[in-house]
Amino acid sequence: MHTEHIFISGASRGLGKAFLETFLTKNPTAQVFGFSRTPGDMEQQMITEQPQWQGRLHISAGDASKEEDIKRLLGEATDFFNAPIDGLILNAGNFLFDENLTDDTSKKALHDLNVRGNTSLVEQTLEQKQDHPLRIVFVSSTASLAEKRGEAFPSSNEYGKTKAEVDAYLRTLHETAEHVHIALLYPGPFGDSAQKIADHPDFGDTWAIDEKLVAEMGVQLFNQLKTEKFAEGIILSEKHFSIEHGFFKKEDLEAQGIMVRFIPEAQSKYLTRKKNENTNELRENKK
Ligand SMILES: NC(=O)c1ccc[n+]([C@@H]2O[C@H](COP(=O)([O-])OP(=O)(O)OC[C@H]3O[C@@H](n4cnc5c(N)ncnc54)[C@H](OP(=O)(O)O)[C@@H]3O)[C@@H](O)[C@H]2O)c1
């Protein structure tokens with residue numbers, strides 16, 4: 001008997017895939033449904049590698065920014081679970097610098113995935129089975145914390161705003177809906193986006209962390225929501241925290257109730273600019 005039925009958006013690679021694997025490994029009663037636009041045959045591949053996951057894992061195809069896909073995917077998930085959804089992991093999201101958002105169409109696409117896709121997923125899940133307990137983990141970003149402090153990171157204003165908008169929506173939801181428990185996860189750089197940050201002149205060399213560690217913290221927050229109504233956590237390399245984004249103070253974050261997890265330097269990956277054409281003045285000034 002599976003006691004947790006978990007739905008994960010953007011599950012084919014990066015953090016979403018790490019979430020799938022972490023739930024299946026660490027929560028033995030979990031059954032998970034994941035989707036992305038082009039998952040290929042990853043379900044079969046994962047089951048071939050881990051045959052014990054047969055029956056606990058289903059992967060489908062769909063676009064998290066399209067209402068009709070969300071509706072269909074939620075139907076497929078509840079058929080697979082033969083039960084209502086207990087957990088939503090709102091992971092699918094796009095990271096783009098402001099200079100990539102040159103027109104209304106690109107801004108709308110970012111908003112449709114990062115904001116509208118997530119709020120629609122929550123609303124449609126709540127419509128399915130009202131009053132069924134629901135735990136939600138939203139993959140926000142340190143860019144949202146910076147935005148909320150009025151000190152948005154350079155070149156990622158729009159991205160930070162999309163994350164802050166969903167954070168605010170979910171905070172209100174947890175205050176108004178008794179059966180909904182919310183966790184907000186604020187990761188620092190990891191995966192492909194970490195290299196984009198290292199290559200960008202306004203950011204520069206950085207320390208990336210392993211997405212598996214981010215997923216572990218997300219699952220830890222999800223498990224905490226069994227007894228807590230609201231939880232928040234930040235996870236990033238201690239080096240990244242202390243040099244580039246030193247304006248977050250650990251004690252201030254903890255005083256706000258935010259769990260802080262620093263990954264030691266030895267477990268972080270130092271990323272530097274791929275092309276050695278310019279020096280990184282911003283980083284040199286900060287050092
Ligand atoms: N990486 C970082 O440094 C960082 C830091 C803080 C927060 N975050 C947040 O963490 C989350 C995951 O980031 P990531 O770096 O793991 O991303 P990623 O490596 O780019 O992977 C994104 C995943 O989402 C799927 N996806 C993208 N667009 C989709 C759509 N429209 N509908 C459904 N699935 C979609 C992708 O698969 P398909 O291409 O098959 O659709 C893929 O499985 C994002 O919300 C991001 O904003 C990332």
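Before reading further, recall that the structure is shown in the block above.
Residues numbered from 1 in each chain as written. Predicted model: local features only at pLDDT ≥ 70, side-chain atom pairs only at ≥ 80, totals over all residues. Heavy atoms only, no water.

Chemist: Talk me through the packing of aromatic side chains; I want residue IDs and the actual numbers.
Modeler: What the rule picks out here adds up to 10 aromatic pairs. Judged by centre distance (5.6 Å) and plane angle (50°), the rings of Phe7 and Phe35 are tilted. Of this pair, Phe7 sits in strand β1 (residues 4-9) while Phe35 sits in strand β2 (residues 30-36), and the two are 28 residues apart along the sequence. Measuring from ring centre to ring centre gives 5.2 Å for Phe23 and Phe222, while their planes differ by 90°; the resulting arrangement is edge-to-face. (Phe/Tyr/Trp six-rings, centres within 6.5 Å; stacked < 30°, edge-to-face > 60°. Helix = DSSP H or I, 4+ residues; strand = E, 2+ residues; numbered from the N terminus.)

Chemist: I'd like a description of the layout of surface pockets, backed by residues and values.
Modeler: In this structure, the largest pocket encloses a volume near 1,200 Å³. In this structure, the largest pocket is lined by 48 residues; those nearest its centre are Asn91, Gly93, Asn94, Phe95 and Ser193. Sorting the residues of the lining of the largest pocket by element identifies α1 (14-26), β2, α4 (104-128), α5 (142-148), α6 (157-176) and α7 (191-199) as the ones contributing at least two each. In terms of residue count, α7 provides more of the lining of the largest pocket than any other element does, 6 residues in total. A per-class count over the lining of the largest pocket returns 19 nonpolar, 21 polar and 8 charged. (1 Å grid on protein atoms, 1.4 Å probe; cavity = no way out; pocket = protein on both sides within 12 Å on 5 of 7 lines; lining within 4 Å. Points joined across faces, edges and corners; volume = space filled by probe spheres on them. Nonpolar A, V, L, I, M, F, W, Y, C, P; charged D, E, K, R; others polar.)

Chemist: Outline unusual backbone geometry, listing residues and values.
Modeler: The phi dihedral of Asn82 falls on the positive side, at around 55°, and the residue is not glycine. Considering the arrangement of structural elements, one finds Asn82 in the loop between α3 (67-81) and β4 (87-90). We classify Asn82 as exposed; its relative accessible area is 70%. A positive phi is found at Ser155, a non-glycine position, where the angle reads about 65°. Along the chain, Ser155 falls in the loop between α5 and α6. Judged by its relative accessible area of 13%, Ser155 is buried. (Buried < 20%, exposed > 50% of the residue type's maximum accessible area, 1.4 Å probe, protein only.)

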